[in-house]
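Reading the structure
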Amino acid sequence: MRTDEKTLVEACVKRDEKACAELYNRYAPMMLGICMRYARSKAEAQDVLHDGFLKVFSSLDKLQSSEALGSWIRTIMVRTAITTLRTIHDMDPLDECTEGCCEPSVDFDNFSLDEILHAIQSLPPRERLVFNLREIEGYEYAEIAVQLGVQPQSVRPILTHAKKHLVDQLRPIYGGTKRK
């Protein structure tokens, strides 16, 4: 943790309102972007962000000095998003996908950030979570399975379905052709 971050965290632990506001203002924009990938709307993402920062401020005293503050906050936001979306969308742990699908290829460089975000937000909740956790956050299949309460072998088919849905969402934007 950088020295100024260490001082900021110490002040937040002591409930210094200015320090808490500074921490929030420093990290909220980036964390809202993360929350937007998991949520269906900006309002839902803001709810996740709010809940996540409540957890951040209530747990700052547990932050280890060797941890990077931004990574620690990001982890809390991702976990809060997963918990919130599992609750909101009442996702059950039953496996919904089957093996045997070939994984589609998506070249995201051909689309704007807004187009990609809109396509990700249009995914069904379970597929959105799996896609974000695997493709964006870099979690392993076994870690995702634990987070979602599914069998590890069911994660890959869920990801395959997510990618197929993304291809279906993005293909019409450019008439099935790649933008140069």
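The coordinates are above.
In this report, we go over the structure that sits alongside the text. For clarity, every value in this text was computed on a predicted model and none was experimentally measured. (Residues numbered from 1 in each chain as written. Predicted model: local features only at pLDDT ≥ 70, side-chain atom pairs only at ≥ 80, totals over all residues. Heavy atoms only, no water.)

1. Quick notes on the nonpolar core
Phe53, Val56, Leu60, Leu69 and Ile73 are the most contacted members of the largest nonpolar core, which has 53 residues in total. Elements with a contribution of two residues or more to this core: α1 (3–13), α2 (17–38), α3 (42–59), α4 (69–88), α5 (113–121), α6 (125–136), α7 (141–148) and α8 (155–170). The dominant element in this core, judged by the number of residues it contributes, is α2, at 11 residues. Apart from residues no more than four positions distant in its own chain, phenylalanine 53 is found in contact with Tyr24, Tyr27, Ala28, Met31, Ile73 and Met77. (Core = buried A, V, L, I, M, F, W, Y, C linked by side-chain atoms within 4.5 Å. Buried < 20%, exposed > 50% of the residue type's maximum accessible area, 1.4 Å probe, protein only. Helix = DSSP H or I, 4+ residues; strand = E, 2+ residues; numbered from the N terminus. Contact = heavy atoms within 4.5 Å.)

2. Things to note about the state of the cysteines
By definition, a disulfide links the sulfur atoms of two cysteine residues through a covalent bond. Scanning all chains against the criterion turns up zero disulfides. There is no disulfide at cysteine 12, and the cysteine sulfur nearest it, in cysteine 20, is 3.9 Å away. Judged by its relative accessible area of 1%, cysteine 12 is buried. When its relative accessible area of 17% is taken as the criterion, cysteine 20 is described as buried. (Disulfide = S-S within 2.5 Å.)

3. Side note on the packing of α5 against α8
Two elements in contact, α5 and α8, have axes separated by 9 Å at closest approach and are oriented at 130°. Put simply, α5 runs oblique to α8. Crossing angle aside, the handedness with which α5 passes α8 is right-handed. Two secondary-structure elements touch here, α5 through Glu115, Ala119 and Ile120 and α8 through Leu166, Gln169 and Leu170. Residues belonging to the contact of α5 with α8 are distributed by class as follows: four nonpolar, one polar and one charged. (Axes fitted to C-alpha atoms, helices over the stretch in contact; angles between N-to-C directions. Parallel < 35°, antiparallel > 145°, perpendicular 65-115°, else oblique. Left-handed = near helix turned anticlockwise from the far one by under 90°. Nonpolar A, V, L, I, M, F, W, Y, C, P; charged D, E, K, R; others polar.)

4. Section: the layout of surface pockets
In this structure, the second largest pocket encloses a volume near 160 Å³. Every residue lining the second largest pocket is listed: Gly33, Met36, Arg37, Leu113, Asp114, Ile116, Leu117, Ile120 and Ile136. Of all the secondary structure elements, the ones that give two or more residues to the lining of the second largest pocket are α2 and α5. Of all the elements, α5 adds the most residues to the lining of the second largest pocket, at five residues. Across the lining of the second largest pocket, the residue classes break down as six nonpolar, one polar and two charged. (1 Å grid on protein atoms, 1.4 Å probe; cavity = no way out; pocket = protein on both sides within 12 Å on 5 of 7 lines; lining within 4 Å. Points joined across faces, edges and corners; volume = space filled by probe spheres on them.)

5. Things to note about unusual backbone geometry
Glycine aside, negative phi is the norm for most residues, and most peptide bonds take the trans geometry. A positive phi is found at arginine 15, a non-glycine position, where the angle reads about 65°. Residue position: arginine 15 is located in the loop between α1 and α2. By relative accessible area, arginine 15 is classed as exposed at 59%.

6. Digging into the environment of valine 13
Tracing the backbone through its elements, the reader meets valine 13 in helix α1. We classify valine 13 as partly exposed; its relative accessible area is 38%. Separated by 48 residues in the primary sequence, valine 13 and aspartate 61 have C-alpha atoms spaced 5.9 Å apart.

7. Considering the pattern of salt bridges
Throughout the structure, instances matching the rule amount to five salt bridges. Linking arginine 26 and glutamate 22 is a salt bridge whose minimum nitrogen-to-oxygen distance equals 2.8 Å. With a gap of four residues between them, arginine 26 and glutamate 22 both fall in helix α2, about one helical turn apart. Here glutamate 135 and lysine 163 are joined by a salt bridge, their closest N and O atoms 3.3 Å apart. With glutamate 135 in helix α6 and lysine 163 in helix α8, the pair connects residues that are 28 residues apart, well separated along the chain. Taking relative accessible area as the criterion, lysine 163 reaches 11% and is therefore assigned buried. (Salt bridge = Lys/Arg side-chain N within 4 Å of Asp/Glu carboxyl O.)

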